[in-house]
Amino acid sequence: AAAQSRPSALQSGESLATLKNESDSLKKKLEEERAKLHDVELNQVAEKVELVSALSIRTRRVLKGHGNKVLCMDWCKDKRRLVSSSQDGKVIVWDGYTLNKEHAVTMPCTWVMACAYAPSGCAVACGGLDNKCSVYPLSLDKNENLAAKKKSVAMHTNYLSGCSFTNSDMQLLTSSGDGTCALWDVESGQLLQSFHGHTADVLSLNLAPSETGNTFVSGGCDKKANVWDMLPCASVSCRLYDLRADREVAVYQKDSIIFGASSVDFSLSGRLLFAGYNDYTINVWDVLKGNRISVLFGHENRVSCVKVSPDGTSFASASWDTSLRIWA
């Protein structure tokens, strides 16, 4: 009786066999459409292109300091410094010119399988068999105890296999042996997005080289490379609605804005829209034209609230950096 009362997920006339046949048919059609586009090989197109001449490449520097296999490394955007992680449980920040070790951190586990330099060069991220991704702020003081300033940002249910900052120090992308990739807010440690699609360990990830960095590719033990889009799940726009018409009438956004807005307020005339964002900025929008007029910098953490003064001559902003600012 219990089995009879349980609702079925299959519709009338359907069976697992018919659904499988339909799925196989769709896969076949997709392969046929792909085959239509595969009309020529790359080397055939490049037949008339000149050959690359012989290269003269040799070793210029050798960086020694790890006591076991080096598992990962990343360049700083200053083109000079590097960070590396090793099976010996150490993370080392190097000066590629002088060969000096600028910072060294001993992790709580061996097999530190992932490391990444922040875009600003002011922090590094790393992790491995501890299932975590930790961020270490860097300073000019080479004797500073970095372990004391460690921030645990990401937590997976299996080993961390890869990590990469987006185009900002404030978001971190990770891959894991638990079969998922995830996007995290560095400041709060909050999980922003989780990417499920692999059926086995995810071993690597790489962000697309673009200004917005909205897409990335992941490779897994399931023999698949998945391409992901981070943008659709992120609320990065401000929107204006007409209550009488019951519809959206304007969207205030730019491709370069990848962080959400926490608070908005209109100027006294209603022509300007002030929006505080999670990337610590305040954007000023022309309500009628829809274009951004100005970007205001000053806060050192996300802007939680913006309010225009009663007389409209100024506005105030509040932030997680523990301060309020008055703008005019």
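Just so you know, these numbers come straight off a predicted model, no measurement behind them.

Analysis parameters
Chains are numbered independently. Their residues run from 1 in the order of the written sequence. Reporting of local features is limited, given that this is a predicted model, to residues whose pLDDT is at least 70; pairs of side-chain atoms are given and counted only at 80 or more, and all residues count toward the totals for whole chains, interfaces and linings. Computation of side-chain values covers all heavy atoms of the structure but excludes hydrogens and water. In this analysis, a patch consists of residues with relative accessible area above 30% that form no salt bridge, clustered at 9 Å for like charges and at 5 Å for the nonpolar side chains Val, Leu, Ile, Met, Phe, Trp and Tyr. Shrake-Rupley sampling with a 1.4 Å probe provides the accessible areas, and residues are treated as covered by the protein chains on show and by no other component. Only one rule defines a salt bridge in this text: a Lys or Arg side-chain nitrogen within 4 Å of an Asp or Glu carboxyl oxygen. Only protein chains enter the calculation, and the probe is 1.4 Å; a residue is then buried if its accessible area is under 20% of its type maximum, exposed if over 50%, and partly exposed in between. Only when DSSP finds a minimum of two bridges between them are two strands counted as paired. Going along the chain from the N terminus, every DSSP run of H or I of four or more residues is numbered as a helix, and every run of E of two or more is numbered as a strand. Each axis is a line fitted through C-alpha atoms, taken for helices only over the stretch in contact, and angles between the N-to-C directions span 0 to 180 degrees. UniProt positions are given in the numbering used here, feature names are shortened, and annotations may be inferred rather than shown by experiment. Take the buried Ala, Val, Leu, Ile, Met, Phe, Trp, Tyr and Cys residues and link them wherever side-chain atoms come within 4.5 Å; each set so joined is a nonpolar core. Here, two residues are considered to be in contact whenever any of their heavy atoms come within 4.5 Å of each other. Classification of ring pairs rests on two measures: the distance between centres of Phe, Tyr or Trp rings, Trp counted by its six-membered ring, which must be within 6.5 Å, and the angle between planes, read as stacked under 30 degrees, edge-to-face over 60 and tilted in between. Placement of a positive charge over a ring is assigned whenever Lys NZ or Arg CZ falls within 6 Å of the ring centre and within 35 degrees of the normal to the ring plane.

Participant: When you look at a nonpolar patch on the surface in this model, what are you seeing that I'm missing?
Facilitator: Residues Val40, Leu42 and Val45 make up a contiguous nonpolar surface patch of about 310 Å² in total accessible area. The exposed category is assigned to Val45, whose relative accessible area is 57%.

Participant: Honestly, the sheet that holds strand β18 (residues 261-266) in this entry has me stumped. Any pointers?
Facilitator: The strands making up a sheet associate through backbone hydrogen bonding, with each pair oriented either parallel or antiparallel. The strand order across the open sheet built from four strands is β18-β19-β20-β21, with neighbouring strands paired in antiparallel fashion. One side of each edge strand has no neighbouring strand; the edge strands of this open sheet are β18 and β21 (292-296). In this sheet, adjacent strand axes meet at a mean angle of 20° when their direction is disregarded. Direction of pairing for β18 relative to strand β19 (residues 272-277): antiparallel, over a ladder of five bridges. Paired with Asp265 across the two strands is Phe274, which belongs to β19.

Participant: Explain the pairing of β21 to me, please; I cannot follow it from the model alone.
Facilitator: On any regular strand, side chains alternate: one points to one face of the sheet, the next to the other face. In this structure, strand β20 (residues 282-286) lies alongside β21, joined through four bridges in antiparallel fashion. Bridge pairing links Ile282 to Leu296 in β21. Counted between consecutive antiparallel strands, the loop separating β20 from β21 contains five residues, among which Gly290 sits at a positive phi close to 85°.

Participant: Is there a simple way to explain the UniProt feature "repeat: WD" (unreviewed entry) in the protein in this structure?
Facilitator: Within this structure's numbering, the places UniProt gives as "repeat: WD" (unreviewed entry) are residues 63-95, 153-194, 195-230, 263-295 and 296-328. As a span, residues 63-95 carries 0% helix and 55% strand, and end to end its C-alpha atoms are 9 Å apart. Within residues 263-295, the helical portion is 0% and the strand portion 58%, while the C-alpha atoms at the span's ends are 15 Å from each other.

Participant: Please clarify how the nonpolar core should be interpreted in this entry.
Facilitator: In terms of nonpolar packing, the biggest core is built from 16 residues, with Ala125, Cys133, Val135, Cys163, Phe165 and Leu172 touching the most fellow members. Of all the secondary structure elements, the ones that give two or more residues to this core are β5 (114-117), β6 (123-127), β7 (132-137), β8 (151-155), β9 (160-165) and β11 (180-185). Discounting chain neighbours no more than four positions away, the residues touching Ala125 are Ala114, Cys115, Ala116, Cys133, Ser134, Val135, Cys163, Phe165 and Leu172. One finds Cys76, Val91, Tyr117 and Tyr136 within the second-largest nonpolar core, a separate group that totals 14 residues.

Participant: Any chance you could explain the sheet that holds β9 here in plain terms?
Facilitator: Across the sheet, four strands lie side by side as β9-β10-β11-β12; this open sheet has antiparallel pairing. Because the sheet does not close on itself, it has two edges, and the strands there are β9 and β12 (191-196). Along the sheet, successive strands turn relative to each other by an average axial angle of 15°, direction set aside. Where β9 lies against strand β10 (residues 171-176), five bridges are found, and the strand directions are antiparallel. For Phe165, the partnering residue across the bridge sits in β10 and is Leu172.

Participant: Got a minute to help me understand the packing of aromatic side chains in this structure?
Facilitator: Any aromatic ring pair is given by two values, namely how distant the centres are and how the planes are angled relative to each other. As enumerated under the stated definition, the model contains six aromatic pairs in all. Ring centres of Tyr252 and Trp285 lie 6.1 Å apart, and the angle between their planes is 50°; on these two criteria the pair is classed as tilted. Pair noted here: Tyr252 is in strand β17 (residues 247-252) and Trp285 is in strand β20, with a separation of 33 residues, a long-range link. Here Phe315 and Trp327 contribute two aromatic rings whose centre-to-centre distance is 6.1 Å and whose plane-to-plane angle is 10°, an arrangement assigned as stacked. With Phe315 in strand β23 (residues 315-319) and Trp327 in strand β24 (residues 324-327), this residue pair connects regions lying 12 residues apart in the sequence. Each member of the pair Phe315 and Trp327 is classed as buried. Three or more aromatic residues link up through ring pairs in this structure, and these residues are Phe195, Phe216 and Trp228. Over the ring of Trp320 we find Arg302, and its NZ or CZ is 4.3 Å from the ring centre.

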